[in-house]
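Spelled out from the first residue to the last, the chains are:
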Amino acid sequence: MKKHSYRAVEAFRGADKTIRIVGHRGARGVFPENTMIGFKSTIEMGINLLEFDVVLCADGVPVITHNHALHVPTFKHVGGDFIDHEPKVLDLTWSQLQCFEVGRLDSSTQYGQRFPDQLQFAGIKVPKLDELLGHVANLSENNVYLMLEIKSDPNHVNNDIFRKKLVSEVTKRVRHFDLINQTLLHSFDWRILEECKSSAPDFPTSFLTQINHNPADVGEDSSLSVGPNIKNYGDHIPDKVFEKGGSLWCPNVQDITPTGLKRAKNLGLVTAVWTVNTVEEIDRMIEYGVDAIVTDYPGRVQQRLAVNGYNW
Ligand code: MG
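Residues numbered from 1 in each chain as written. Predicted model: local features only at pLDDT ≥ 70, side-chain atom pairs only at ≥ 80, totals over all residues. Heavy atoms only, no water.

### Here we look at the packing of helix 2 (residues 36-44) against helix 5 (residues 129-137)
Between helix 2 and helix 5, whose axes approach to 10 Å, the crossing angle comes to 25°. Considered as vectors, helix 2 and helix 5 are oriented roughly parallel to each other. Between helix 2 and helix 5 lies a crossing of right-handed hand. Where helix 2 abuts helix 5, its residues M36, F39, K40 and I43 lie against E131, L132, H135 and V136. (Axes fitted to C-alpha atoms, helices over the stretch in contact; angles between N-to-C directions. Helix = DSSP H or I, 4+ residues; strand = E, 2+ residues; numbered from the N terminus. Parallel < 35°, antiparallel > 145°, perpendicular 65-115°, else oblique. Left-handed = near helix turned anticlockwise from the far one by under 90°. Contact = heavy atoms within 4.5 Å.)

### Points about the nonpolar core
F52, L129, L132, L146, L148, I150 and V170 are the most contacted members of the largest nonpolar core, which has 28 residues in total. Elements with a contribution of two residues or more to this core: helix 2, strand 2 (49-56), helix 5, strand 6 (145-150), helix 6 (160-176) and helix 7 (190-199). A total of five residues in this core trace back to one element, the largest contributor, which is helix 6. Ranked by size, the runner-up nonpolar core spans 26 residues in total, among them V253, L267, V276 and I286. (Core = buried A, V, L, I, M, F, W, Y, C linked by side-chain atoms within 4.5 Å. Buried < 20%, exposed > 50% of the residue type's maximum accessible area, 1.4 Å probe, protein only.)

### With respect to the packing of aromatic side chains
Using the criterion set out here, one finds five aromatic pairs in the structure. With a centroid separation of 6.3 Å and 70° between ring planes, the pair formed by F75 and F100 is classed as edge-to-face. Placement of F75 in the loop between strand 3 (62-64) and strand 4 (76-77) and of F100 in strand 5 (residues 100-101) is noted, with a sequence separation of 25 residues between them. Measuring from ring centre to ring centre gives 5.5 Å for Y111 and F115, while their planes differ by 65°; the resulting arrangement is edge-to-face. Exposure remark for Y111: the relative accessible area of 2% places this residue in the buried category. Look at F115 and you get buried, because its relative accessible area is 3%. Between K76 and the ring centre of F82, over which it is positioned, the NZ or CZ distance is 5.3 Å. The positively charged end of R300 is found above the aromatic ring belonging to Y297, 4.0 Å away from the centroid. (Phe/Tyr/Trp six-rings, centres within 6.5 Å; stacked < 30°, edge-to-face > 60°. Lys NZ or Arg CZ within 6 Å of the ring centre and 35° of its normal.)

Set out below in structure tokens:
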């Protein structure tokens, strides 16, 4: 069962009394999500595993933002109000995207109310993938690892040409910055991951799964529609990930079971669970012994790990 060993995969693998912490969208509970100030600050806080989301804009530039359309609770007109409609990122050029700021949350929205402790900034723009890659490549140590989520547009999920272009643009940028050894290609869309395996086999792949919508995800775009139907796989989802050549299995926190986790471990997969934010969920993941916890609150996870005698 031993598979090719990737350095980026091993960075996410836990060990005895060690569970890794992955900052979700940087560290969304603390800093504005998917922003350079968030990523830089999270790295400076000592969190060296980062999850973030990549989509293409109209001129083919990979940018870091979660939704396929601008998100009303997090996008403002530069120097003005929060937006009131949501154009698609794919319909905006890079320079048109510069007309929006993403450093604040609209606290009148349910989504905004979920992150009352998030720092707020003026003048923050959607970053290009290149900005984060350049920052990580220029750090003095090669010890920051990227869980790079390739978002699959539900409108293009069956478009082979679009899928190839998306994977090609993303992997080209990572190669340019010589960060293959520090990057996982991560997606809900297993066809995207198949494309990664075929066109960029030197990258490890990370398979996101979610069986049902999580009611905690208020105000979020769901990616349920772009993944395979896994409802009947039960605790055998890791076997499917292994068959597809995956290195990581990333189940939603409401789906992970001790049996599924054991199967994944026996297959040599790394299991990174998302998005684990409450103390109850964090403690349950520690009890199960997952490899990595993807969280909006890295400090909260550190404290629960410390109390339980774990390192990260
Ligand atoms: Mg993501």
